[in-house]
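Descriptive structure summary
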Amino acid sequence: MSPGDATGPQRLLIRDLAQVVTPAGLSAPLRGAALGRIDVVVDAYVLCEDGRVSGVGPMRRLGSIDGEVEEVDGRGLSAVPGLVDCHTHACFAGDRVDEFALRAAGAGYEELHARGGGILSTVRATREAGEVGLAAALERHVGWMLRAGTTTFEAKSGYGLDRETELIQLRVIEAAGGVPTWLGAHAVPPEFAEVGVDAYVEFLLGDVLPDAAKVAEAADVFLERGAFAVEQARRYLVACRAAGLELRLHGDQFTEAGAVPLAVELGARSVDHLESTGPEGIALLAASDVVGVLLPASAIFLGRPMPPARALVDAGAAVALATDFNPGSAFCESLPLVCSLAATQLRLAPEEALAACTVNAAHVLARAERKGRLAPGFDADAVLVAADDWRHLAYHLGGDVVHTVIQGGRIAWSCTA
Ligand code: NIG
Ligand code: FE
């Protein structure tokens, strides 16, 4: 092995892979039958050059390569695109292990929130951490995600709920290489408990949005009983859209409170959760360009019903999969585990699950032209799965399936290091 020199191109050749797999075609988002179509090359190589994929093909077609190239032995491994986690709350301080134990003993998630715990306990820890503490916590969480194969991640604010901490969260996420989403409308903080939700929305839009919009790419709102109602969500999202942000919604997690119709009305990028979505919401979403982001780790962590994934896909809706990684409802950074849950709980084929957390997740983040496929011209992000059949990614429930992670054409993590 010899790394590229300072003057020549930086090249990485992954050779003798059992399989190289990528969602078929070039369009995004994938829906219907197209969601399950993949291209598989056996006994294959992937060549990366200056951060991009420059070639994929069978070993027998690999010609000689002039100049310096670093080589990775892919024998017994399969390559899939680097995983894209389009919905996380990874920027948090502290944990909620006490709450987890209380829930195991029967306490309800919404009940804990209503008592000032839940999200608000993470808000207290996050405010106290400050910028340096929060950056360190996020770095730790990003390391976990990387080792699970995530090469592109989104993360939301929403644990500050004051001007200073919301902006710190967005800056820290951007500095860690994440895609920042402003989730000011996550919960109403204690200092607004007396004056009410409308006054808090007023504060968010007047005092935080102008600066949040300079860093964030999208805005998100928790539209749910006990959080924000549809009129408050509409007001928040319309103002965020006018400030240039893409729109996302947490919707239908516990109740159908109008999130899907609002997402469609406003042309949101996605509506996420959908554990409570019924037939009308499924039909509405299927007829729209809004992506339904499914979070089965959150459903299982809270003991909630699974979202109607099969019905959504069969109706023609575009769906993505994400972890929802956060300390309260989904302490889970692993997209491979989410793929296992998709196959076992959501009745998605492994191929559909792969497309949902690569191409379609990249589409949610407006990055499908560069991310989510392992094909020439795309960013050289890949996961080398520790099996000669890539479907072990979903098959090995909670297993050590990630052998090596390539990010931007370099080895970002390897179990051999
Ligand atoms: O997506 N539902 C709202 N927000 C997060 C949970 C955040 C938390 O519990 O800290 C979610 O599940
Ligand atoms: Fe979430």
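So, here is what we can say about the structure in this document. In this text, all values refer to a predicted model and were calculated from it rather than measured experimentally. (Residues numbered from 1 in each chain as written. Chains lettered and ligands numbered in written order. Predicted model: local features only at pLDDT ≥ 70, side-chain atom pairs only at ≥ 80, totals over all residues. Heavy atoms only, no water.)

**Notes on the coordination of the iron ion (ligand 2)**
Ligation of the iron ion (ligand 2) by protein atoms is provided by His87 (NE2), His89 (NE2), His250 (NE2) and Asp324 (OD), these donors lying 2.1 to 2.2 Å from the ion. Read N to C, the donor residues that coordinate the iron ion (ligand 2) are spaced as H-x1-H-x160-H-x73-D. Remark: histidine 250 occurs in strand 10 (residues 246-251) and histidine 87 occurs in the loop between strand 6 (83-85) and helix 1 (97-104); sequence separation between them is 163 residues. Each of the two residues, histidine 87 as well as histidine 250, counts as buried. (Donors = N, O, S within 2.8 Å, 3.2 Å for Na, K, Ca; no water. Helix = DSSP H or I, 4+ residues; strand = E, 2+ residues; numbered from the N terminus. Buried < 20%, exposed > 50% of the residue type's maximum accessible area, 1.4 Å probe, protein only.)

**Describing the environment of arginine 52**
Position of arginine 52 among the secondary structure elements: in strand 3 (residues 52-58). Assessed through its relative accessible area of 33%, arginine 52 is described here as partly exposed. For the pair arginine 52 and alanine 268, spaced 216 residues apart in the sequence, the C-alpha separation amounts to 30 Å. Setting aside its immediate chain neighbours within four residues, arginine 52 contacts Leu47, Arg370, Gly377, Phe378, Asp379 and Ala380. Within the local environment of arginine 52, its side chain forms a polar contact with the backbone oxygen of glycine 377, the two atoms lying 2.8 Å apart. (Contact = heavy atoms within 4.5 Å. Polar contact = N/O pair within 3.5 Å; in protein donor to acceptor, adjacent residues only side chain to side chain.)

**Let's talk about the site of ligand 1**
The full set close to ligand 1 counts 15 residues, and Arg96, Tyr109, Tyr159, Gln253 and Ser329 are the nearest of them. At a separation of 2.9 Å, an oxygen atom of ligand 1 approaches a polar side-chain atom of histidine 273. Within the complex, 100% of the 330 Å² of free accessible area of ligand 1 lies under protein. Residues belonging to the shell around ligand 1 are distributed by class as follows: four nonpolar, nine polar and two charged. (Near = heavy atom within 4 Å. Areas by Shrake-Rupley, 256 points an atom, 1.4 Å probe, with all protein chains shown as cover. Nonpolar A, V, L, I, M, F, W, Y, C, P; charged D, E, K, R; others polar.)

**With respect to the sheet that holds strand 6**
In space, the eight strands of this open sheet follow the order 6-7-8-9-10-11-12-13, with parallel pairing throughout. Whereas interior strands pair on both sides, the edge strands pair on one side only; in this sheet they are strand 6 and strand 13 (319-321). Across this sheet, the average inter-strand angle for adjacent strands is 25 degrees, counted without regard to direction. Helix 6 (residues 230-242) rests against strand 8 (179-185), strand 9 (218-222) and strand 10 of the sheet, and its axis sits at about 175 degrees to strand 9. Helix-sheet contacts for helix 7 (residues 259-266) involve strand 10 and strand 11 (270-273), and the interaxial angle to strand 10 is about 170 degrees. (Pairing = 2+ DSSP bridges. Axes fitted to C-alpha atoms, helices over the stretch in contact; angles between N-to-C directions.)

**Focus on the side chain of aspartate 324**
Tracing the sequence through the fold places aspartate 324 in the loop between strand 13 and helix 11 (335-344). Of the side chains bearing the opposite charge, lysine 156 lies closest to the buried aspartate 324, which forms no salt bridge; the N-O distance is 6.8 Å. Setting aside residues up to four positions removed in sequence, aspartate 324 forms contacts with His87, Thr88, His89, His250, His273, Leu295, Ser298, Ser329 and Ala330. (Lys, Arg positive; Asp, Glu negative; His and termini not counted. Salt bridge = Lys/Arg side-chain N within 4 Å of Asp/Glu carboxyl O.)

**Observations concerning the packing of aromatic side chains**
Summed over all chains, the structure comprises twelve aromatic pairs. Between phenylalanine 325 and phenylalanine 331, the ring centres sit 6.0 Å apart and the planes meet at 40 degrees, which makes this aromatic pair tilted. Given a relative accessible area of 0%, phenylalanine 325 falls into the buried group. Assessed through its relative accessible area of 41%, phenylalanine 331 is described here as partly exposed. These aromatic residues form a ring-pair network of at least three members: Phe92, Trp144, Phe325 and Phe331. (Phe/Tyr/Trp six-rings, centres within 6.5 Å; stacked < 30°, edge-to-face > 60°.)

**Re the state of the cysteines**
Scanning all chains against the criterion turns up zero disulfides. Among the cysteines around cysteine 91, which has no disulfide bond, cysteine 86 carries the closest sulfur, lying 18 Å off. Since its relative accessible area comes to 0%, cysteine 91 is described here as buried. (Disulfide = S-S within 2.5 Å.)

**Here's the deal with the pairing of strand 16 (residues 410-414)**
When strand 15 (residues 402-407) meets strand 16, the two strands line up antiparallel, connected through four bridges. The residue bridging glutamine 407 from the neighbouring strand is arginine 410, located in strand 16. Where strand 15 folds back onto strand 16 in an antiparallel hairpin, the turn is made up of two residues, including glycine 408, whose phi is positive at roughly 60 degrees.

**Section: the pairing of strand 9**
Of all five residues in strand 9, five are buried; the element is thus mostly enclosed. A two-sided burial pattern is seen for strand 9, the buried positions comprising Ala218, Asp220 and Phe222 on one face and Ala219 and Val221 on the other. Across three bridges, strand 8 lies against strand 9 in parallel orientation. Residue pairing for strand 9: alanine 185 is matched across the bridge by valine 221. With helix 5 (residues 197-215) bridging strand 8 and its parallel neighbour strand 9, the resulting β-α-β unit is right-handed. Pairing between strand 9 and strand 10: five bridges, direction parallel. Of the residues in strand 10, the one forming a bridge with alanine 218 is glutamate 246. Handedness of the crossover joining strand 9 and strand 10 through helix 6: right-handed. (Right-handed = clockwise from strand over helix to strand, strands pointing away.)

**Focus on helix 11**
Counting buried residues along helix 11, seven of its ten residues qualify, which places the element largely inside the surrounding structure. Here helix 11 has its buried residues at Leu335, Pro336, Val338, Cys339, Ser340, Leu341 and Ala342. The opening residue of helix 11 is serine 334, an N-cap whose side-chain oxygen sits 3.0 Å from the backbone nitrogen of leucine 337.

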